[in-house]
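Chain residues, written in single-letter form:
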Amino acid sequence: MVYDCLIVGGGPAGLSAALQCGALGLSALLVRGPSEDAPLGRAERVDNYLGLPGLTGAALLERFARHVDALEAAVVVRGRVLNALAYGGGFSLNVGGQIYQGRSVILATGVHRGQPYPGEERLLGRGVSYCATCDGMLYRGRAVAVVGLAQDAPEEAAFLAGLGCQVTYVYVAPEERPVALAADFRAIKAKRLEILGEERVTGLRADGQVLPCQGVFLLRDTVAPTALFPDLAIQDGHIRVSRHMETNLPGVFACGDCAGPPLQIAKAVGEGQMAAHSAGQWLRARENEIQKGDG
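**Q** Please clarify how the nonpolar core should be interpreted in this entry.
**A** Side chains of a nonpolar character, in soluble globular proteins, are inclined to be buried together. Of all hydrophobic cores here, the largest spans 44 residues; its most connected members are Leu107, Leu204, Val216 and Phe229. Not counting residues within four places of it along the chain, the set of residues in contact with Phe229 comprises Ala84, Phe91, Val105, Leu107, Leu249 and Val252.

**Q** Where do I start with the packing of aromatic side chains in this structure?
**A** Any aromatic ring pair is given by two values, namely how distant the centres are and how the planes are angled relative to each other. Overall, the coordinates contain 3 aromatic pairs when judged by the stated rule. Centroid distance Tyr49 to Phe64: 5.6 Å. Interplanar angle 70°. Geometry classified as edge-to-face. Here Tyr49, found in the loop between strand 3 (28–32) and helix 2 (57–70), pairs with Phe64, found in helix 2; they are 15 residues apart in sequence, far enough to count as distant. Assessed through its relative accessible area of 16%, Tyr49 is described here as buried. A relative accessible area of 14% means that Phe64 is categorised as buried. Summarising the aromatic geometry, the rings of Tyr139 and Phe217 are spaced 5.5 Å apart at their centres and angled 80° between planes, so their arrangement reads as edge-to-face.

**Q** Is there a simple way to think about helix 4 (residues 153–162) in this case?
**A** Owing to its 3.6 residues per turn, the α-helix brings residues three or four apart onto one side. Burial in helix 4 covers these residues: Ala153, Pro154, Glu156, Ala157 and Leu160. The arc enclosing the buried residues of helix 4, seen along the axis, measures out at 160°, which places them on a common side. Of the surrounding elements, those touching the buried residues of helix 4 are helix 3 (132–135), strand 10 (143–149), strand 11 (166–171) and strand 16 (215–220). Directly after helix 4, the chain includes Gly164, whose backbone phi takes a positive value near 100°.

**Q** Explain the packing of helix 1 (residues 12–24) against helix 2 to me, please; I cannot follow it from the model alone.
**A** The description of two helices packed together rests on the angle between their axes and the distance between the axes. Here helix 1 crosses helix 2 at 20°, and the two axes come no closer than 9 Å. As judged from the angle between their axes, helix 1 and helix 2 are roughly parallel. The way helix 1 lies across helix 2 gives a crossing that is left-handed. Packed against helix 1, whose contacting residues are Pro12, Leu15, Ala18 and Leu19, the element helix 2 presents Leu61, Phe64, Ala65, His67 and Val68 at the interface. Across the contact of helix 1 with helix 2, the residue classes tally to 8 nonpolar, 1 polar and no charged.

The rules behind each value
Numbers given for residues are sequential positions, taken from 1 along each chain in its written order. Only residues with pLDDT of at least 70 get local features here, since the model is predicted, and only at 80 or more are side-chain atom pairs given and counted; chain-wide, interface and lining totals rely on the full set of residues. Hydrogens and water are ignored here; the side-chain numbers use all heavy atoms of the structure. The nonpolar core is taken to be a set of buried Ala, Val, Leu, Ile, Met, Phe, Trp, Tyr and Cys residues, with the residues joined through side-chain atoms within 4.5 Å. Think of it in three bands: with a 1.4 Å probe and only protein chains considered, a residue is buried below 20% of the maximum accessible area for its type, exposed above 50%, and partly exposed in between. Any two residues having at least one pair of non-hydrogen atoms within 4.5 Å are treated as being in contact. Pairs were defined over the aromatic rings of Phe, Tyr and Trp, the Trp ring being its six-membered one, requiring ring centres within 6.5 Å. Orientation was assigned from the angle between planes: stacked under 30 degrees, edge-to-face over 60, tilted for the rest. Only runs of H or I of at least four residues qualify as helices and only runs of E of at least two qualify as strands under DSSP, and these elements are numbered from the N terminus. This arc is taken over the directions from the axis of the helix to the C-beta atoms. Convention adopted: a line fitted to C-alpha atoms gives each axis, helices being fitted over their contacting stretch, and angles between N-to-C directions are expressed from 0 to 180 degrees. For classification, angles of less than 35 degrees are called roughly parallel, those exceeding 145 degrees roughly antiparallel, those between 65 and 115 degrees roughly perpendicular, and all remaining angles oblique. Left-handed is the label given to a crossing in which the near helix is rotated counterclockwise from the far helix by less than a right angle, and right-handed is the label when the rotation is clockwise. In the scheme used here, Gly and all other residues not listed as nonpolar or charged are polar, with Ala, Val, Leu, Ile, Met, Phe, Trp, Tyr, Cys and Pro taken as nonpolar and Asp, Glu, Lys and Arg as charged.

Structure, rendered in structure tokens:
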């Protein structure tokens, strides 16, 4: 199936965009990560969203999601978008190895925190991967390093171990060793990471210690929008958008925190509505152009 709109991100902006797509009669696919990975989901109390004070962030996010589900406004897929492709007829997203196609894209990815590690971009696809279940079979029986930056990283590391990979789990958060790790994992804590290798990955330097390996799995909450669309225009660290949430790429829209401050729920909800509205207008204009060409 080719959807009218592919929505990347399940926070307030993405859910608002999905709701508006439903209202406009647009078919939409919404890609959501784990709720516990969302910054809003970790807020103890939200008092500045109109009409719904005093809720936890998780409760507010759950209300938004239930609203979208109740109206069947979008097909919801759980996972991370690993890469995207723009082609003549539209766009495709790779979500955990599953490909979805659409005629437009709305980016509602939130704020991507952290810069690429040294060696990450150069060795992507040559030993660097963002998905254990997608690429794990390529490293069966080999030494790999898993950099855990998401809630489900231990589970993906366990998947690799089940394939026979020799897993070293690297955690960078200040918390203690993750309790969800299997007892037979080697686990180390490190803040400074560098991926080593010329043509392919040969190791990971963690706080000066070199871990020889053939694969490095960077398991983040999200992939940076510029990793999905390298030609995306960025301004002051955020996606540059027009008043109508248009990016510099035709058919690609952005909303919420990824489109710049203020980083507020009300702004995200409003921009999500506008992004879907603009996507609908763009799709109608494109259809009219095609019909004129056929005539």
